[in-house]
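# Structure assessment
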Number of protein chains: 6
Amino acid sequence: MRPSGRQVNEMRPVSIEVGVTKHAEGSCLIKVGDTHVMCTATIEDRVPPFIKNSGLGWVTAEYGMLPRSTGSRMRREAASGKQGGRTVEIQRLIGRSLRAGVDRVALGERQITIDCDVLQADGGTRCASITGGWVALKLAVNKLMKAGLVTSDPLPEPVAAVSCGIYAGQPVLDLDYPEDSEAGVDGNFVMTGNRLIEVQMSAEGATFSRDQMTQLLDLADKGIAELVAAQKAATA
Amino acid sequence: MRPSGRQVNEMRPVSIEVGVTKHAEGSCLIKVGDTHVMCTATIEDRVPPFIKNSGLGWVTAEYGMLPRSTGSRMRREAASGKQGGRTVEIQRLIGRSLRAGVDRVALGERQITIDCDVLQADGGTRCASITGGWVALKLAVNKLMKAGLVTSDPLPEPVAAVSCGIYAGQPVLDLDYPEDSEAGVDGNFVMTGNRLIEVQMSAEGATFSRDQMTQLLDLADKGIAELVAAQKAATA
Amino acid sequence: MRPSGRQVNEMRPVSIEVGVTKHAEGSCLIKVGDTHVMCTATIEDRVPPFIKNSGLGWVTAEYGMLPRSTGSRMRREAASGKQGGRTVEIQRLIGRSLRAGVDRVALGERQITIDCDVLQADGGTRCASITGGWVALKLAVNKLMKAGLVTSDPLPEPVAAVSCGIYAGQPVLDLDYPEDSEAGVDGNFVMTGNRLIEVQMSAEGATFSRDQMTQLLDLADKGIAELVAAQKAATA
Amino acid sequence: MRPSGRQVNEMRPVSIEVGVTKHAEGSCLIKVGDTHVMCTATIEDRVPPFIKNSGLGWVTAEYGMLPRSTGSRMRREAASGKQGGRTVEIQRLIGRSLRAGVDRVALGERQITIDCDVLQADGGTRCASITGGWVALKLAVNKLMKAGLVTSDPLPEPVAAVSCGIYAGQPVLDLDYPEDSEAGVDGNFVMTGNRLIEVQMSAEGATFSRDQMTQLLDLADKGIAELVAAQKAATA
Amino acid sequence: MRPSGRQVNEMRPVSIEVGVTKHAEGSCLIKVGDTHVMCTATIEDRVPPFIKNSGLGWVTAEYGMLPRSTGSRMRREAASGKQGGRTVEIQRLIGRSLRAGVDRVALGERQITIDCDVLQADGGTRCASITGGWVALKLAVNKLMKAGLVTSDPLPEPVAAVSCGIYAGQPVLDLDYPEDSEAGVDGNFVMTGNRLIEVQMSAEGATFSRDQMTQLLDLADKGIAELVAAQKAATA
Amino acid sequence: MRPSGRQVNEMRPVSIEVGVTKHAEGSCLIKVGDTHVMCTATIEDRVPPFIKNSGLGWVTAEYGMLPRSTGSRMRREAASGKQGGRTVEIQRLIGRSLRAGVDRVALGERQITIDCDVLQADGGTRCASITGGWVALKLAVNKLMKAGLVTSDPLPEPVAAVSCGIYAGQPVLDLDYPEDSEAGVDGNFVMTGNRLIEVQMSAEGATFSRDQMTQLLDLADKGIAELVAAQKAATA
């Protein structure tokens, strides 16, 4: 029934290649099916003004898509002079999600910036960015710990994200682009351990019941577990 | 326990004054406690390019805050040269929420723009904007129906929104600013009839369980029912 | 002869409601006929760099119109990425006019920002902004005086403004929008006590004689006197 | 008493050199003392949308200052990404002033753009721009008339402008920069024939009486007469 | 003598992987040592206005760097609101260089946009972009030829580019970042067949003789030959 | 054969008038045929952050064209909100070229900004800007030396620039606009003494051989010698 032939509760294949750029303190290329996102982590000693001298760390994120990461070419945001509303919304979500899984006291007064750049898009780029972004973040933190600059692990549990939606009347896990563009209801679920960080369910020209919401949450639980396993393997 | 002395499941007083500006096709001033939002609806005969000649209508929204609607003055967005990320996120939410409650065939090929301008802010401005925005929209549509330009009601049920969150460990309904700035977890719930349009639950530096999520949804149900009653009274 | 039926030297009804927002140090909603402007005053301890450590205070102003304050919806300036030429011109005029009535030594080294936001426009918004802006300024200064932070009144006399123009060949006081859009010559007159602060007479596709100018100044004298009375009543 | 040793009613020397660029349809370099402005006129067959098919012509203006036209270097507006408030205000004034002296029916449906670029500034650049801009405009119109494209002269009388102000308590004509930067009250007067087009009197931290206003108008009358003579000589 | 231990006339290892994204009509990942650039080609049926209905084709290019493609993180251009001067200069060079090798009549009235995005930078990104950009372009054109939309090959010879410079007094081929940041003189050479398209020699705080220029051109000849071989292998 | 009737190795008439504005520390109006550029030098005591406390000086440049310096009016860059790619490229070239001829130790820790504003354009504006810019720079430095602020001449040799190109198959010196717009290959050559600073050869839709390059360099040598003579005469 799904265009890809997957089961309703079946994720696309997930791979996470680490160390893909020599400059960044942490990096990976995450592939969730045909969605490919390059994630890098940059450590800086300065923090934003509002937490200066608080002893707390900060994690923030930026998101971009290469112009031809999509089926038809998108205008380059640098050329159009600003980041679009969707970009801003996504990078705020990535930052907020990752921060929820960080012990900012343990991190200490430094900032880590996660850049998520979509090389190829096929649905679910924001979820792949969060999942891959956490891996880049973890690798950067590992470097700080190995250097003795951080002594207690500020990232006890992975943060991962997956999308679910109602496609052709059926709740399905991990929407790809053909499903996403048809689904009236879709949601993004960010979790750490068995707890929720962010739930964004949204209906474009449709509505949903609480029962349907529960079904999507159950699917998300399954997907997140598989992503966390991949994250742990990549950062072991 | 709440700073305002309210019960955990008690809304702030809600009032909706209609017809507050002589130019707009629909308008209201919604007050949810000390949060005051002026909402106007503008009807235009043109639609966005992507639905031209489809026979379908469109509803979109813009959001702004007066510089001194808040405790300390914010920089005017027109002066800083762009709308901030939060503004863009909110106005996309308002537009998406209202569209979910519109029969776009019945509306016909025209666009209605809802402007939500916050005159005074005390938490929950995006929810008040959706609730008040629907009233302005309804009043504009009523004008179209009275003029015979629209014959079947494109707005069968009100769309309303309320925020809930976990304040001091306790799920509470309709956060005001002192609560909102302390709550680790908060959510915005948009509903029409007994169905959900949008659920946005978000944790800043915290996480939540599925049980807590259920409690917040129950509170939202109660709040939405009261808001819908106010909307129906205002547009009767 | 006037569309509104007013006498040539008759102002529209003027009302000034104070304390309309709980956050600002001073605020009012001024209504001059169907022109409604919300004015707020914000006190800050910092001053612009060019007067730092001079002991002098500063008063500045910003102006905006809600998108649907006008007959047809205007594009939101925050969305178009800049303030238009008319907006910039008006807010410079408001700031300059108010400063002319301030004893900046008495005010002391602090800045007061006056925000004038037009909720509904029907001609004369810049004059209403100056007149209402002075009321918000006065209320904020009163707060400083009551707190003992300012000891000598820096605002001895109200600053008020009114427009006059030549409509259908006849000099008239306080142009409303239908008159303003037809008038070949119109002027804005800002006064304090019986002295002038600013005179802006402008002809779009027309010219005027010195005699006509004198007639407009006489009308302005009458209008200003009535506005000053309203300002004094509102701030007593 | 004046820094330059001029009489209170004495203009700086005025010269107008025409034909200073080979590309423009009309051009001049106007020098009013040490204020030098290059003015060009560009004729285009298109008009702004709001007068399309009206048969009416349009005149508009743009204004700029070279970065080192002033005592200390100003930031280039093209580099800072926008025209400042003062620039916008001035170019709107130039356009409005010149239009008031144009018979737009006689001009026919075409647009003439006047560019006024200040090569060296020493006070009064906006007045020099209007006076020189009219000369460039006249020369361009002469070309249209010689070509038979315009048959009735759309510019019967010169439009000229001069500044006056109260310097050291004394009304003086044609303020130069040292006077302008000290004057509490200054005004710009635009005239055609013996009629006024624009009067802008403004007090920075000061006020003025109607008597003083009359004195400034008398000075302006004298200055304008001299400027008009120079304009007529340059375009004869 | 070179930091990398290379001979003065030795290129870094070059690899070109094609078909790296499923959406673009042509794509490759070019690696010149540690400089990695992803190049995509997008075919569109529209051309820029200035060649509409001329029957001629157009090739244009855009260039970007991922924020952490460099040793320290650069600000994202989309976030800073514009493309910097260096970016603009480079993408104009890429477009001009590729166009010089295109038979625009044979291409027919269509536009191909080459996007060059630097994933990892280590000197010579603009040259790698031209060399890889040609490969993406060729692959896209091959698709047009296979589909019968283009019948005569518009790309008879590869266009390739290499940098040379004077490092520690010695002319060397293919500067990497440690060399580039030290070299007083460096040049970029774009060639097709044995003819030159673009020569950009530039001295930052230094000068060079015509003899030195000849030596650099000789080095470039050698490097270009190797790059062309790689291009031919990749597109065979 | 050339539209102007010049010999292939014949420059247009060159004149350099110095001291054309009273405010700048150095200034000239350079005319190369009908190309007229006003160049000013501004001395400031501050330097860019990256050389603070290095003891080194800095020279930078900005470039602009008056809107009607060209055959048809160009949009004012200040109005369009940014400097175009061509402007940015040119002003970077001017700055780089002038710096190559400066002894930055001798200049001492100060910055000189060269503004090059094209009053009338007829081809070769960037070369005229470099040549004239050096004159303005030299005059400003002379002032510093006369005041004893600089003791060793930081500008031993003039920096000059000329364009050459292949017009109608023939290498020619100093392209004017009619030639430039037809030439398939053109180059800009910046020299000081008998050494090269910058060589930019570029082919729009064409290619060139090394022999042709040599011929253009020979022509450039001749032109530069004449320009240097004019520079020396102007600054003697």
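Within each chain, residue numbers correspond to sequence positions counted from 1 in written order. Lettering of chains starts at A and numbering of ligands starts at 1, both following the order in which they are written. Since the coordinates come from a predicted model, pLDDT governs what is reported: local features require at least 70, and pairs of side-chain atoms require 80 or more to be given and counted, while whole-chain, interface and lining totals use all residues. Side-chain figures throughout are based on the complete set of non-hydrogen atoms in the structure, without hydrogens or water.

### Some points on the state of the cysteines
The term disulfide is used for any two cysteine sulfur atoms that are within 2.5 Å. Applying the stated criterion across every chain yields a total of zero disulfides over all chains. Between C:Cys28, a cysteine without a disulfide, and C:Cys39, which holds the nearest cysteine sulfur, the sulfur-to-sulfur distance is 4.4 Å. Each residue's exposure class comes from its accessible area (1.4 Å probe, protein chains only) as a fraction of the maximum for that residue type: buried when under 20%, exposed when over 50%, partly exposed otherwise. Given a relative accessible area of 0%, C:Cys28 falls into the buried group. You can see D:Cys164 has no disulfide; the closest cysteine sulfur is in D:Cys127, sitting 8.3 Å from it.

### Looking at the pattern of salt bridges
Where charged atoms from two side chains of opposite charge approach closely, those side chains can pair. By salt bridge we mean one thing: a side-chain nitrogen of Lys or Arg within 4 Å of a carboxyl oxygen of Asp or Glu. Going through the model one piece at a time under the given rule, you end up with 126 salt bridges over all chains. Of the charged contacts in the structure, one is a salt bridge between E:Arg92 and F:Glu89, with a shortest N-O distance of 2.6 Å. Residue E:Arg92 is found in helix H2 (residues 85–100), and its partner F:Glu89 is found in helix H2 (residues 85–100); the two belong to separate chains. With a relative accessible area of 34%, E:Arg92 lands in the partly exposed category. Each helix is a run of H or I in the DSSP string that is no shorter than four residues. Each strand is a run of E no shorter than two, and both are numbered from the N terminus.

### Details of the interface of chain A and chain E
Contact residues are listed per partner, giving 36 residues for chain A and 36 residues for chain E. Between chain A and chain E, roughly 2,700 Å² of surface is buried when both sides are summed, and carbon and sulfur atoms account for 47% of that area. By the criterion of area lost to chain E, the three top residues of chain A are A:His23, A:Arg68 and A:Arg76, representing 26% of everything that side buries. At the boundary of chain A with chain E, the tally comes to 16 salt bridges. For the purposes of these results, a polar contact is taken to be a pair of N or O atoms within 3.5 Å, where, inside protein, one atom must be able to donate a hydrogen and its partner to accept one; residues adjacent in sequence count only when each atom of the pair is a side-chain atom. In this assembly, chain A and chain E are joined by 26 residue pairs in polar contact (both at pLDDT 80 or more). Those elements that provide at least two residues to the side of chain A that touches chain E are strand E3 (35–44), strand E4 (58–65), helix H1 (77–80) and strand E5 (111–120) of chain A. For the side of chain A that touches chain E, the element with the highest residue contribution is E5(A), accounting for six residues. Considering only residue class, the side of chain A that touches chain E consists of twelve nonpolar, twelve polar and twelve charged. The contact criterion used throughout is that any non-hydrogen atoms of two residues lie within 4.5 Å. Here the quantity called buried area is the total loss of accessible area, with a 1.4 Å probe, experienced by two parts when brought into contact, counted for both. Each residue is assigned to one of three groups, with Ala, Val, Leu, Ile, Met, Phe, Trp, Tyr, Cys and Pro labelled nonpolar, Asp, Glu, Lys and Arg labelled charged, and all others, Gly among them, labelled polar.

### Quick look at the side chain of A:Arg99
Inspection of the secondary structure assignment puts A:Arg99 in helix H2 (residues 85–100). A relative accessible area of 10% means that A:Arg99 is categorised as buried. Within the local environment of A:Arg99, its side chain forms a polar contact with the backbone oxygen of A:Val59, the two atoms lying 2.8 Å apart. Each residue touching A:Arg99, except ones within four places of it in the same chain, is listed here: A:Trp58, A:Val59, A:Thr60 and B:Glu204.

### A closer look at the packing of aromatic side chains
Residue and element names in this part refer to chain A. A pair of aromatic rings is counted whenever rings of Phe, Tyr or Trp (Trp by its six-membered ring) have centres within 6.5 Å, and the orientation is called stacked for planes under 30 degrees apart, edge-to-face for over 60 and tilted otherwise. Enumeration according to the criterion identifies six aromatic pairs over all chains in this entry. Centre to centre, the rings of Phe50 and Trp58 are 5.1 Å apart; their planes meet at 90°, and the pair counts as edge-to-face. A relative accessible area of 59% means that Phe50 is categorised as exposed.

### A few points about unusual backbone geometry
Of note, the phi angle at C:Asp174 is positive, near 60°, even though the residue is not glycine. Relative to the assigned elements, C:Asp174 resides in the loop between strand E7 (170–173) and helix H5 (177–180).

### Concerning the relation of the copies chain A and chain B
Between the two copies of this chain, the relationship is a rotation about some axis together with a displacement along it. Each copy superposes on the other: chain A lies on chain B with an RMSD of 0.0 Å after a rotation of 180° and an axial shift of 0.0 Å. The transformation relating the two chain copies, once decomposed into turn and shift, fits a two-fold axis. When each C-alpha of chain A is compared by its distance to the rotation axis, A:Gln200 comes out closest, at 2.3 Å. Same-surface contact between copies: 100% of interface residues of chain A are shared with the interface of chain B. Here the copies were fitted onto each other by least squares, based on C-alpha atoms from residues at pLDDT of at least 70 in both.

### What about the relation of the copies chain A and chain E?
Between chain A and chain E, the superposition needs a rotation of 180° and an axial shift of 0.0 Å, giving an RMSD of 0.0 Å. Here 100% of the contact residues of chain A are again contact residues in chain E; the copies associate through an equivalent surface.

### Side note on the UniProt feature "binding site: phosphate" (unreviewed entry) in chain A
UniProt positions are given in the numbering used here, feature names are shortened, and annotations may be inferred rather than shown by experiment. Mapped onto the present numbering, the UniProt feature "binding site: phosphate" (unreviewed entry) falls on A:Arg86, A:Gly124, A:Thr125 and A:Arg126. Across 41 residues, the annotated set stays spatially compact, with a maximum C-alpha separation of 13.2 Å. Mapped onto the elements of the fold, A:Arg86 is located in helix H2. Residues within four places of A:Arg86 in sequence aside, it is in contact with A:Tyr63, A:Met65, A:Thr125, A:Arg126 and B:Arg92. Counting through the fold element by element, A:Thr125 comes out in helix H4 (residues 125–146). The class of A:Thr125 is buried, set by a relative accessible area of 6%. Only 2.6 Å separates the side chain of A:Thr125 from the side chain of A:Tyr63, close enough to count as a polar contact.

### Some remarks on the arrangement of the chains
Considering only C-alpha positions, the minimal separation of the non-contacting chain B and chain D is 10 Å. Regarding chain D and chain E, which are not in contact, the minimum distance between any of their C-alpha atoms is 10 Å.

### Thoughts on the interface of chain A and chain B
Frequently, the measure chosen for interface size is the accessible area that the parts lose on association. Taken together, the contact between chain A and chain B spans 31 residues of the former and 31 residues of the latter. Each partner contributes to the roughly 2,900 Å² buried at the junction of chain A and chain B, and carbon and sulfur atoms together form 46% of this total. Of all residues in chain A, A:Glu89, A:Leu196 and A:Arg210 give up the largest surface area on contact with chain B, accounting jointly for 22% of the area buried on that side. Connecting chain A to chain B are 20 residue pairs in polar contact (both at pLDDT 80 or more). For the side of chain A that touches chain B, the element with the most residues is strand E9 (residues 195–203) of chain A, which contributes nine residues.

### Overview of the side chain of C:Lys138
Residues and elements named next belong to chain C. In this structure, Lys138 sits in helix H4 (residues 125–146). Its relative accessible area of 10% is what places Lys138 among the buried residues. Here the side chain of Lys138 touches Leu155 through a polar contact of 3.5 Å, landing on its backbone oxygen. If we skip the residues at most four places from it in the chain, Lys138 touches Asp153, Leu155 and Thr235.

### Considering the sheet that holds strand E4 (residues 58–65) of chain B
All names here are of chain B. Any two strands with at least two DSSP-identified bridges between them are counted as paired. Taken together, the five strands give an open sheet; going across it, the order is E1-E2-E3-E5-E4, and neighbouring strands pair in mixed fashion. Of all strands in the sheet, those bounded by a partner on one side alone are strand E1 (14–18) and E4. Taking the axes of each pair of neighbouring strands and ignoring which way they run, one obtains an average angle of 20° across the sheet. Looking at chain direction, E1 and strand E2 (residues 26–32) are connected through five bridges and run antiparallel. By the bridge assignment, Val18 is partnered in E2 with Cys28. Geometry is summarised by axes, namely lines fitted to C-alpha atoms with helices restricted to the contacting stretch, and by angles between N-to-C directions that run from 0 to 180 degrees.

### What about H2(E)?
Each residue after the first adds 1.5 Å to the expected span of a helix. Relative to the 22 Å expected for 16 residues at 1.5 Å per residue, H2(E) spans 23 Å between its end C-alpha atoms, a close match to the ideal helical length. Taking burial as the measure, the 16 residues of H2(E) include 13 buried ones, the bulk of the element.

### Examining the UniProt feature "domain: Exoribonuclease phosphorolytic" (unreviewed entry) in chain A
Residues and elements named next belong to chain A. UniProt tags residues 10–140 and 158–222 as "domain: Exoribonuclease phosphorolytic" (unreviewed entry). Taken end to end, residues 10–140 has its terminal C-alpha atoms 31 Å apart, with 31% of it in helix and 31% in strand. End C-alpha atoms of residues 158–222 are separated by 15 Å, and the span's content is 26% helix alongside 46% strand.

### Focus on the pairing of strand E9 (residues 195–203) of chain C
Of all nine residues in E9(C), eight are buried; the element is thus mostly enclosed. The loop that links strand E8 (residues 185–192) of chain C with its antiparallel partner E9(C) comprises two residues; one of these, C:Gly193, has a positive phi angle of about 55°. Alignment of E9(C) against strand E9 (residues 195–203) of chain D, held across five bridges, turns out to be antiparallel. Paired with C:Met201 across the strands is D:Val199, a residue of E9(D).

### Some points on the environment of C:Arg46
Residue and element names in this part refer to chain C. Of note, Arg46 is situated in the loop between strand E3 (35–44) and strand E4 (58–65). Spatially, the C-alpha atom of Arg46 lies 7.4 Å from that of Glu109, the residues being 63 residues apart in sequence. At 3.3 Å, the side chain of Arg46 and the side chain of Glu44 are in polar contact.

### Here we look at the environment of F:Asp45
Residue and element names in this part refer to chain F. Structurally, Asp45 is set in the loop between strand E3 (35–44) and strand E4 (58–65). Since its relative accessible area comes to 65%, Asp45 is described here as exposed. When near neighbours in sequence (up to four residues on either side) are disregarded, Asp45 contacts Glu109 and Arg110.

### Section: the environment of F:Ser54
Residues and elements named next belong to chain F. Positionally, Ser54 belongs in the loop between E3 and E4. Separated by 54 residues in the primary sequence, Ser54 and Gly108 place their C-alpha atoms 9.1 Å from one another. Within the structure, Ser54 has its side chain in polar contact with the backbone oxygen of Ile51 (distance 2.6 Å).

### Here's the deal with the sheet that holds strand E7 (residues 170–173) of chain E
If you trace the eight strands from one edge of the open sheet to the other, you get E7(E)-E6(E)-E8(E)-E9(E)-E9(F)-E8(F)-E6(F)-E7(F), paired in antiparallel fashion. Of all the strands in the sheet, just E7 of chain E together with strand E7 (170–173) of chain F have a single pairing partner and so form its edges. Each neighbouring strand pair of the sheet contributes to a mean axis angle of 20°, computed without reference to strand direction. Sheet contacts for H2(E): strand E6 (159–167), strand E8 (185–192) and strand E9 (195–203) of chain E together with strand E9 (195–203) of chain F; angle to E9(E), the most-contacted strand, approximately 155°. Contacts from helix H4 (residues 125–146) of chain F reach strand E6 (159–167), strand E8 (185–192) and E9 of chain F within the one sheet, and its direction differs from that of E6(F) by about 165°.

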